[in-house]
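# What the coordinates show
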Amino acid sequence: MFENVAQYQQDFLIETGATVYMVVLTAIIAGILGLITGVLLILTREGGLMEHRPLYWILDKLVNIFRSIPFVILLALISPVTRAIIGTTIGNRAAIVPLVFGTVPFYARQVENALAEVDGGIIEAAIAMGDAPKDVIFGVYLKEGLPAIIRASAMTVISLIGLTAMAGAVGAGGLGNLAITKGYNRLQDDVTLVATVIILLLVFVAQGIFNLWEKKVSH
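These figures come from a predicted structure and were not determined experimentally.

## Observations regarding the pattern of salt bridges
- Scanning all chains against the criterion turns up 8 salt bridges.
- Measuring nitrogen to oxygen at the nearest pair gives 2.6 Å for the salt bridge that ties Arg109 to Glu112. One end of the pair is Arg109 and the other is Glu112, both in helix 6 (residues 92-116) and 3 residues apart, which spans about a single turn. There is no split in this pair, since Arg109 and Glu112 are both buried.
- Residue Glu214 is joined to Arg151 by a salt bridge in which the shortest nitrogen-to-oxygen separation is 2.6 Å. Here Glu214, found in helix 11 (residues 189-218), pairs with Arg151, found in helix 9 (residues 146-172); they are 63 residues apart in sequence, far enough to count as distant.
- Exposure remark for Glu214: the relative accessible area of 18% places this residue in the buried category.

## A few points about the packing of aromatic side chains
- Counting across every chain of the model gives 2 aromatic pairs.
- Relative to Phe101, the ring of Phe66 has its centre 5.9 Å away and its plane inclined at 45°; by these criteria the two rings are tilted. Placement of the pair is Phe66 in helix 3 (residues 53-68) and Phe101 in helix 6, with a sequence separation of 35 residues.

## Examining the layout of surface pockets
- When its volume is computed, the largest pocket comes out at roughly 490 Å³.
- Forming the walls of the largest pocket are 24 residues, and the residues nearest its centre are Ala27, Ser153, Val157, Phe210 and Trp213.
- Elements with a contribution of two residues or more to the lining of the largest pocket: helix 2 (9-44), helix 6, helix 9 and helix 11.
- No other element matches helix 2, which puts 8 residues into the lining of the largest pocket.
- Here the residues of the lining of the largest pocket are counted per class, giving 19 nonpolar, 5 polar and no charged.
- Arg67, Gly102, Phe106, Ser159 and Leu163 are the residues nearest the centre of the second largest pocket, which is lined by 13 residues in total.
- Counting only elements with at least two residues in the lining of the second largest pocket, the list comes to helix 3, helix 4 (71-77), helix 6 and helix 9.
- At 4 residues, the largest contribution of residues to the lining of the second largest pocket is made by helix 9.
- When grouped by side-chain class, the residues that make up the lining of the second largest pocket number 8 nonpolar, 4 polar and 1 charged.

What counts and how
For every chain, the first residue of the written sequence is number 1, and numbering continues from 1 along that sequence. The model is predicted, so local features are restricted to residues of pLDDT at least 70 and side-chain atom pairs to those at 80 or more, both for listing and for counting; the totals for chains, interfaces and linings are taken over all residues. Hydrogens are left out, water is left out, and the side-chain values use all remaining heavy atoms of the structure. One speaks of a salt bridge when a side-chain nitrogen belonging to Lys or Arg is within 4 Å of a carboxyl oxygen belonging to Asp or Glu. Secondary structure elements follow DSSP: runs of H or I of four or more residues count as helices, runs of E of two or more count as strands, with numbering from the N terminus. The buried label applies to any residue whose accessible area, calculated with a 1.4 Å probe on protein chains only, is under 20% of its type's maximum; exposed applies above 50%, and partly exposed to all values in between. We call Phe, Tyr and Trp rings a pair once their centres come within 6.5 Å, taking the six-membered ring for Trp, and we label the pair stacked below 30 degrees between planes, edge-to-face above 60, and tilted otherwise. Whether a set of points on the 1 Å grid over the protein atoms alone is a cavity depends on a 1.4 Å probe fitting there but being unable to get out, while an open set qualifies as a pocket with protein on both sides within 12 Å along at least five of seven lines; lining residues are those with an atom within 4 Å of a point. Grid points are joined across faces, edges and corners, and a volume is the space filled by probe spheres set on the points. For this classification, Asp, Glu, Lys and Arg are treated as charged, while Ala, Val, Leu, Ile, Met, Phe, Trp, Tyr, Cys and Pro are nonpolar and the rest, including Gly, are polar.

Set out below in structure tokens:
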């Protein structure tokens, strides 16, 4: 039933590793950039701790624009940037660039929404006690909003796994590439099925890790 899968065992190992590589590296880079952007959005919005309407307007519009561009189009749109940074638009390393561009706006908005849930009374109390802005950011916003940020991170990583599969379909490597080039294109349905199952397993593992992390910080 899975004779083609047996034939591509080595390919499955390599492409699963490639998918994990793309997800982990993108998650680290986009996580840092998205967290910074999300914090800036919550701080500079109207009524924010460091209200700055022009900066908020710019960040807000950039986030909305990049979130609205379909990922397949984004791959082509920023290909000159990818080529300038990596030297090519094909392969796992090249996929990191569009994956970061596609993930940062999504995560930044999720972080902004998570931090918006922090009790305003706690923030006002911290300000009244004379806490500096950096103390409010790290001691109140990020500390109180951590469970919500973890939930947002889980959602983002799951979305990112899907994006890596899409990137793989256009030559970036990974399980998406395997499912299309050796599964769909060659009519080997078992290869496509197993690649899909592995992607789903990666999603379940990621969700499980974030669930455990959220429980740990919530208690």
